[in-house]
Amino acid sequence: MSIQDDESMELDLVESCLVRFIREHVDDALLRGLLLSEDSVKGRRVMERKDLWFLGDWVIQGVPSHFEAHWSTDVALGESVRVIVHIEKTENEYLVSDWDVEETF
């Protein structure tokens, strides 16, 4: 599905928010060792549904004003790590309201 101008602008704001998050937390103990970089938000920009977007390596769920962004990677056979970032819209930008890292076995 193509992305309209309004949705593209929202996605630009979410992308900026995720880049700031990565820059600010790259040295955090929970993210250390993961291959999470600013490049993870580059590339594909697809709206699957109104509440499900793909932005680079991220899956974005929700609707404008509140999103949950998911990034994951396999760390070993049957083991993965998922970064979950909760994003809220303020006046003109999105800010991270909470985030977590989950390991699956």
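Predicted model only: the values in this text are computed from it and were never measured.

Calculation rules
- Residues numbered from 1 in each chain as written.
- Predicted model: local features only at pLDDT ≥ 70, side-chain atom pairs only at ≥ 80, totals over all residues.
- Heavy atoms only, no water.
- Helix = DSSP H or I, 4+ residues; strand = E, 2+ residues; numbered from the N terminus.
- Rg over C-alpha atoms; globule rule 2.2 N^0.38 Å.
- Contact = heavy atoms within 4.5 Å.
- Areas by Shrake-Rupley, 256 points an atom, 1.4 Å probe, with all protein chains shown as cover.
- Lys, Arg positive; Asp, Glu negative; His and termini not counted.
- Charge placed at Lys NZ, Arg CZ, Asp CG, Glu CD.
- Pairing = 2+ DSSP bridges.
- Core = buried A, V, L, I, M, F, W, Y, C linked by side-chain atoms within 4.5 Å.
- Buried < 20%, exposed > 50% of the residue type's maximum accessible area, 1.4 Å probe, protein only.

1. A look at the overall build of the chain
Part 1 of the reasoning: Helix and strand content of the chain: one helix and six strands.
Part 2 of the reasoning: Counting helices and strands in the order they occur from the N terminus, the chain gives α-β-β-β-β-β-β.
Part 3 of the reasoning: Since a compact globule built from 105 residues should have a radius of gyration of about 13 Å, the 14 Å found for the chain is in line with a globular shape.
Part 4 of the reasoning: A principal-axis box enclosing the C-alpha atoms of the chain has dimensions of 40 × 25 × 20 Å.
Part 5 of the reasoning: Sequence-distant contacts in the chain: of pairs separated by 6 or more residues, those separated by 24 or more amount to 40%.
Part 6 of the reasoning: Accessible area for the chain stands at about 6,400 Å²; split by element, carbon and sulfur atoms hold 48% of it.
Part 7 of the reasoning: Looking at the chain, you have 10 positive and 24 negative side-chain charges, and the mean spots of the two groups are 3 Å apart.

2. Digging into the pairing of strand S1 (residues 45-49)
Part 1 of the reasoning: With four bridges joining them, S1 and strand S2 (residues 52-55) adopt antiparallel strand pairing. Bridged to Arg45 within S2 is Leu55.
Part 2 of the reasoning: Counted along the chain from S1 to the antiparallel partner S2, the turn is two residues long.

3. Regarding the nonpolar core
Part 1 of the reasoning: Residues Leu18, Trp58, Ile60, Val83, Val85 and Ile87 are the most contacted members of the largest nonpolar core, which totals 26 residues.
Part 2 of the reasoning: Those elements giving two or more residues to this core turn out to be helix H1 (5-25), S2, strand S3 (58-63), strand S4 (66-76), strand S5 (79-89) and strand S6 (94-104).
Part 3 of the reasoning: Ranked by residue count, the leading element in this core is H1, at seven residues.
Part 4 of the reasoning: Excluding residues within four positions of it along the chain, Trp58 makes contact with Leu18, Ile22, Leu36, Ser40, Val41, Arg44, Trp53, Ala69, His70, Trp71, Val83 and Val85.

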